[in-house]
Amino acid sequence: KPVHKISVVQRTRIGGHVKTLSDDSLLQTKSNLVARLALFAGGFVAEELYCKGDVSTGASSDLSHMTELAERMITQWAMGDHEVLGFRTFGKSEQLRFLGGVGTTTADYSQRTAELVDDAVRQLTNEAKTMARQILIEERVKLEYGVERLIEEETIAGDPLREILENPVPENWRKQNE
C-alpha cells in the first residue's frame, strides 16, 4: 500500500505516524506483506541508524503490528518454508494468536513445531528489518530532505508527499541546509 500521510504531530499516546492508503483487495501477496513488514520496521531502523543505536519506545506499536502480521503470515497463510513447516496452517481458531498463547485451549502442533514457527517469524521480521535498513541507507539524502520538510510542515500528505517520495531531491536543497 502506498504511503499517503506522514506526520510528527502526536496523536493520543503515539508520536508521529505514517498512514497508507487502504487496500480493498482481499488477497495480498507475500512480497506485498513483506514490504508492509519493512514499513513497520522503518521507524525503529531509522532510530538505530541515525540516533547512533539509541532507540526509543516510539516504534513499539509498529513492532507489535509487525510481529502480529509475521505470525499470521506463518500460522494462517502458510507463507513459511514448506520444507520445514509443511504445507499447513497452525492453530484451530482466530483466537489462537501465536504458539498456544493466551486464550487457547489446545494446540494442534508440537513444541518443536512451535519453535520452528517462532524461527520462521524471526526470519520474516529480520528480513523486513534488513529491507528497511537497505532502503534507508540507499535513500539517505531523500530521507534527510523529507525529515527537514516534515519538521517544517509537521504533516505531509497526498501529492506533496508523493512528490518527495517519487522525485529526486532538489539540487540546491543540501547547500541551503549545510
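The paragraphs below set out a description of the structure included in this document.

Definitions and limits used
- Residues numbered from 1 in each chain as written.
- Predicted model: local features only at pLDDT ≥ 70, side-chain atom pairs only at ≥ 80, totals over all residues.
- Heavy atoms only, no water.
- Axes fitted to C-alpha atoms, helices over the stretch in contact; angles between N-to-C directions.
- Helix = DSSP H or I, 4+ residues; strand = E, 2+ residues; numbered from the N terminus.
- Parallel < 35°, antiparallel > 145°, perpendicular 65-115°, else oblique.
- Contact = heavy atoms within 4.5 Å.
- Nonpolar A, V, L, I, M, F, W, Y, C, P; charged D, E, K, R; others polar.
- Expected span 1.5 Å × (residues − 1).
- Buried < 20%, exposed > 50% of the residue type's maximum accessible area, 1.4 Å probe, protein only.
- 1 Å grid on protein atoms, 1.4 Å probe; cavity = no way out; pocket = protein on both sides within 12 Å on 5 of 7 lines; lining within 4 Å.
- Points joined across faces, edges and corners; volume = space filled by probe spheres on them.
- Salt bridge = Lys/Arg side-chain N within 4 Å of Asp/Glu carboxyl O.
- Left-handed = near helix turned anticlockwise from the far one by under 90°.

Describing the packing of helix 5 (residues 140-153) against helix 6 (residues 158-166)
In step 1: Where helix 5 meets helix 6, the closest approach of the two axes is 10 Å, and the angle between their N-to-C directions is 155°. Relative to helix 6, helix 5 is oriented roughly antiparallel. For the pair helix 5 and helix 6, the contacting residues are K142, Y145, G146 and R149 in the first and P160, I164, L165 and E166 in the second.
In step 2: Considered class by class, the residues forming the contact of helix 5 with helix 6 number 4 nonpolar, 1 polar and 3 charged.

Remarks on helix 2 (residues 60-75)
Turn by turn, an α-helix covers 3.6 residues, leaving residues three or four places apart pointing in a common direction.
In step 1: For helix 2, with 16 residues, the first-to-last C-alpha span of 22 Å sits near the 22 Å given by 1.5 Å per residue.
In step 2: Those residues of helix 2 that sit buried are M66, L69, A70, E71, M73, I74 and T75.
In step 3: Summarising the contacts, the buried residues of helix 2 are in contact with helix 1 (30-50), helix 3 (82-85) and helix 4 (111-138).

Section: the layout of surface pockets
Think of a ball as big as a water molecule: rolled over the atoms, this probe shows where empty space is left.
In step 1: Computed from the structure, the second largest pocket encloses a volume of approximately 170 Å³.
In step 2: Considering the residues around the second largest pocket, the lining is formed by 13 residues, among which I74, G80, D81, A120 and Q123 are closest to the centre.
In step 3: Of all the elements in the fold, those that place two or more residues in the lining of the second largest pocket are helix 3 and helix 4.
In step 4: In terms of residues, the lining of the second largest pocket owes the most to one element, helix 4, which gives 6 residues.
In step 5: Across the lining of the second largest pocket, the residue classes tally to 7 nonpolar, 2 polar and 4 charged.

Remarks on the pattern of salt bridges
Opposite charge on two side chains permits pairing when their charged atoms draw close.
In step 1: Following the criterion strictly, the structure yields 8 salt bridges and no others.
In step 2: For R122, the salt bridge identified is with D118, shortest N-O distance 3.1 Å. Of this pair, R122 and D118 are both found in helix 4, 4 residues apart, which corresponds to roughly one turn of the helix.
In step 3: Overall, R122 belongs to the partly exposed group, its relative accessible area being 40%.
In step 4: Linking E144 and R140 is a salt bridge whose minimum nitrogen-to-oxygen distance equals 2.8 Å. Taken together, the positions of E144 and R140, both in helix 5 and 4 residues apart, correspond to about one turn of that helix.
In step 5: In this structure E144 comes out as partly exposed when scored by relative accessible area, which is 24%.
In step 6: On the accessibility criterion, R140 (40% relative accessible area) is partly exposed.
In step 7: Salt bridges sharing common partners tie together E48, K129 and R133.

A look at the environment of V121
In step 1: Positionally, V121 belongs in helix 4.
In step 2: A C-alpha to C-alpha distance of 8.3 Å links V121 and M73, two positions 48 residues apart in sequence.

Some words on the packing of helix 1 against helix 4
Geometrically, a packed helix pair is captured by the angle between its two axes and the distance between the axes.
In step 1: For the pair helix 1 and helix 4, the least separation of the axes is 6 Å and the interaxial angle reads 60°. Our pair here, helix 1 against helix 4, has a crossing hand that is right-handed.

What to know about unusual backbone geometry
In step 1: For A78, which is not a glycine, the phi torsion comes out positive at approximately 50°.
In step 2: Here A78 shows up in the loop between helix 2 and helix 3.
In step 3: A positive phi is found at E154, a non-glycine position, where the angle reads about 70°.
In step 4: Mapping E154 onto the fold places it in the loop between helix 5 and strand 3 (155-157).
In step 5: Using a relative accessible area of 45% as the deciding quantity, one classes E154 as partly exposed.

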